[in-house]
Amino acid sequence: MIETQALGKRYGDFVAVDGITFKVEPGQVLGFLGPNGAGKSTTMKMIAGFLAPTSGSARVCGFDVEEQSLEARRVVGYLPEGAPSYGEMDVRQFLEFIADAREVPANLRNKRIDDAIDRLNLESVLQQPIDTLSKGFKRRVGLAQAILHDPKVLILDEPTDGLDPNQKHEVRTLINAMARDKTIIVSTHVLEEVHAVCHRAIIIARGRVLADATPAELESRSRYHQAVSLTATDVKAAKEALSRVPDVASIEVDAQDGRITAFPKPGRQIFVAVNAALQERSIVVRELALEGGRLDEVFRSITQGGAATEARA
Ligand code: ADP
C-alpha cells in the first residue's frame, strides 16, 4: 500500500532524509518516531505528494508519487503539521471547499462532510472561522479534511499534537477504527501513542531508519525487559533477599521513591524466584511488578546511541 525506496531529500547541502526504505502492508498502522528534526515530516510530505524527493521513490497503492502524482494524491489523505490553511473560512465552508477540491462526487458530498463532522465532533464550531478555534479544534478540522474523500491511505503528522487527554483518546480510537480499512502512517513523539495505535514502529534520526519493529520487539530491547520491580517496607532486607536469587544480575534502588528493581541475567526469568525469596523471608511487599520494557529508554538509546546501535538495528 505504501512503499518507499531509498527516498531522500536535500535542502541545499543539508540532507534531511537520507535514503529511507520501508513498506506498509494494507490495514497496518505504522508509527513514525524520532526526535525533532529527524526527517519525519519531510518523509511524510514526500509520500503525500506535497514535496518532491531529491532521490529515490515512493509509491502509494502502486502509484508513483512523482510520475503518477494525480492518481497517488487521490488515494491519500494527509494531515500536515500545524493548523489548516484558509483560516478565514468557517469550518463548514472549509470542509465544503476541500470536498470540491478533492472532487468528492456530488451525491456523496453532504454525507461525507456530515460524517467527518460527526467523527471529529465539530458540530459546535461549524460556523466559526478556523483562525479563531483552539489548537485542539484546529487539529480536528485538519483530521476531518484528511478523511473527507475516504482515502485508502492516511498520512497523519502528529495527529494528537495540542489535544487534551480526552481528545487524544478520541483521536486514537478514531485511528484504530479507521485502521480496519485503511493503511495509516502516524508520526508522533508521544511514546504512549505507539502502544495505543501502532502495529509497527520505525524510529528515524538524522534522516535514517534506525529501527523497524513491533512495539513489543522494541520493548524487549529495553534493559527493563523481564525485570521485576517492587516496593517494600524494609528495603535493606528486600535487597538482601533479591541478591540471593541466582538469576538476578543486578539490583537498583530508586533514590527518590525507594522502588527496587532486580534485573535478570540475559534470557532468564526471575519473577517466580523473586516472589519465592521474598515470601521465604516474610518480607512485606506493597507492590510487585514484572516489567515489559520501557519504550522511552529504548528510544533514547537508539536515537542517541550512535553507530553501534545503527549496526544492530
Ligand atoms: P521532523 O518532522 O522529524 O521534526 P523535519 O522533516 O521537519 O523533521 O525536518 C528535518 C530536517 O530538515 C530539520 O533539520 C529541518 O530543519 C530541515 N528542514 C525542513 N524543512 C526545510 C526547508 N524547507 N529548508 C531547509 N531545511 C529544512
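On a predicted model such as this, the values are computed, not experimentally measured, just so you know.

Visitor: How would you summarise the overall build of the protein chain if you had to cite specific residues and measurements?
Guide: Along the protein chain, the regular secondary structure elements total 12 helices and 14 strands. In terms of its C-alpha atoms, the protein chain occupies a principal-axis envelope of roughly 75 × 45 × 30 Å. Counting over 313 residues, the protein chain shows a buried share of 47%. Averaged over its 39 positive side-chain charges, the protein chain has a centre that lies 4 Å from the centre of its 43 negative ones.

Visitor: Could you give an account of the packing of aromatic side chains, naming the residues involved and the relevant values?
Guide: What the rule picks out here adds up to five aromatic pairs. Summarising the aromatic geometry, the rings of Phe22 and Phe32 are spaced 5.6 Å apart at their centres and angled 65° between planes, so their arrangement reads as edge-to-face. In this pair, Phe22 sits in strand E2 (residues 14–24) while Phe32 sits in strand E3 (residues 29–33), placing the two residues 10 residues apart along the sequence. On the basis of relative accessible area, Phe22 is assigned to the buried category, the value being 4%. With a centroid separation of 4.9 Å and 35° between ring planes, the pair formed by Phe50 and Tyr78 is classed as tilted. Taken together, the positions of Phe50 in the loop between helix H1 (40–48) and strand E4 (55–60) and Tyr78 in strand E6 (residues 76–79) put the pair 28 residues apart, joining distant regions of the chain.

Visitor: Explain the layout of surface pockets to me, using residue names and the numbers behind them.
Guide: Where empty space is left can be seen by rolling a probe of water-molecule size over the atoms. Its volume calculated, the largest pocket comes out at about 650 Å³. Forming the walls of the largest pocket are 26 residues, and the residues nearest its centre are Phe50, Arg73, Ile98, Arg102 and Gln145. Elements with a minimum of two residues in the lining of the largest pocket: helix H2 (69–74), E6, helix H3 (91–101) and helix H5 (135–147). Among the elements that take part in the lining of the largest pocket, H3 stands out by supplying four residues, more than any other. Of the volumes computed, that of the second largest pocket is approximately 260 Å³. Forming the boundary of the second largest pocket are 18 residues, of which Gly37, Lys40, Ser41, Glu81 and Asp157 lie nearest the centre. Those elements that provide at least two residues to the lining of the second largest pocket are E2 and H1. Per element, the largest residue contribution to the lining of the second largest pocket is four residues, and it comes from H1. Along the lines of polarity and charge, the residues of the lining of the second largest pocket split into four nonpolar, seven polar and seven charged.

Visitor: Before we move on, could you go through the domain arrangement of the protein chain and cite the residues and values that matter?
Guide: Considered domain by domain, the protein chain is made up of domain 1 (2–219) and domain 2 (228–291). A C-alpha centroid distance of 44 Å is found between domain 1 and domain 2.

Visitor: Just give me the short version of the sheet that holds strand E14 (residues 285–290), but keep the residues and values in it.
Guide: What holds strands together in a sheet is hydrogen bonding between their backbones, with the strands either parallel or antiparallel. The strand order E12-E13-E11-E14 describes an open sheet built from four strands, whose pairing is antiparallel. The sheet is open, and its two borders are formed by strand E12 (248–253) and E14, each paired with just one other strand. Pairs of neighbouring strands in the sheet enclose a mean axial angle of 20°, with direction left out of account. Two elements, strand E11 (residues 228–232) and E14, share five bridges in a ladder whose sense is antiparallel. Residue Ser229 lies in a different strand from E14, and its bridge partner there is Ala289. The strands touched by helix H9 (residues 235–243) within the sheet are E11, E12 and strand E13 (260–264), with E12 carrying the most contacts at an inclination of about 165°. Across the sheet, helix H10 (residues 271–280) lies against E11, E12 and E14, angled at about 165° from E14, the strand it touches most.

Rules used throughout
The written sequence of each chain sets the order in which its residues are numbered from 1. Thresholds applied to this predicted model are a pLDDT of at least 70 for local features of residues and 80 or more for the giving and counting of side-chain atom pairs; totals over whole chains, interfaces and linings are not thresholded and use all residues. Side-chain measures were taken over the full set of non-hydrogen atoms in the model, leaving aside hydrogen atoms and water. Runs of H or I in DSSP of at least four residues are treated as helices and runs of E of at least two as strands, each being numbered from the N terminus. Each residue gets one of three labels from its accessible area relative to the maximum for its type: buried under 20%, exposed over 50%, partly exposed in between, using a 1.4 Å probe on protein chains only. Neither His nor the chain termini are counted; the positive set is Lys and Arg, and the negative set is Asp and Glu. The atom standing in for a charge is NZ when the residue is Lys, CZ when it is Arg, CG when it is Asp and CD when it is Glu. Here is the rule: rings of Phe, Tyr and Trp (six-membered ring for Trp) pair when centre to centre is within 6.5 Å. Planes less than 30 degrees apart are stacked, more than 60 are edge-to-face, and the remainder are tilted. Using a 1 Å grid laid over the protein atoms alone, points where a 1.4 Å probe fits but cannot get out form a cavity; open sets with protein on both sides within 12 Å along at least 5 of 7 lines form a pocket; any residue with an atom within 4 Å of a point counts as lining. Grid points are joined across faces, edges and corners, and a volume is the space filled by probe spheres set on the points. Each residue is assigned to one class: nonpolar for Ala, Val, Leu, Ile, Met, Phe, Trp, Tyr, Cys and Pro, charged for Asp, Glu, Lys and Arg, and polar for all the others, Gly among them. Residue ranges assigned to each domain were obtained from an automatic or database domain assignment. Strand pairing is defined by DSSP finding a minimum of two bridges between the two strands. Axis definition: a line fit to C-alpha positions, over the contact stretch in the case of helices; interaxial angles, taken between N-to-C directions, run 0 to 180 degrees. It only takes one pair of heavy atoms within 4.5 Å for two residues to be counted as in contact.

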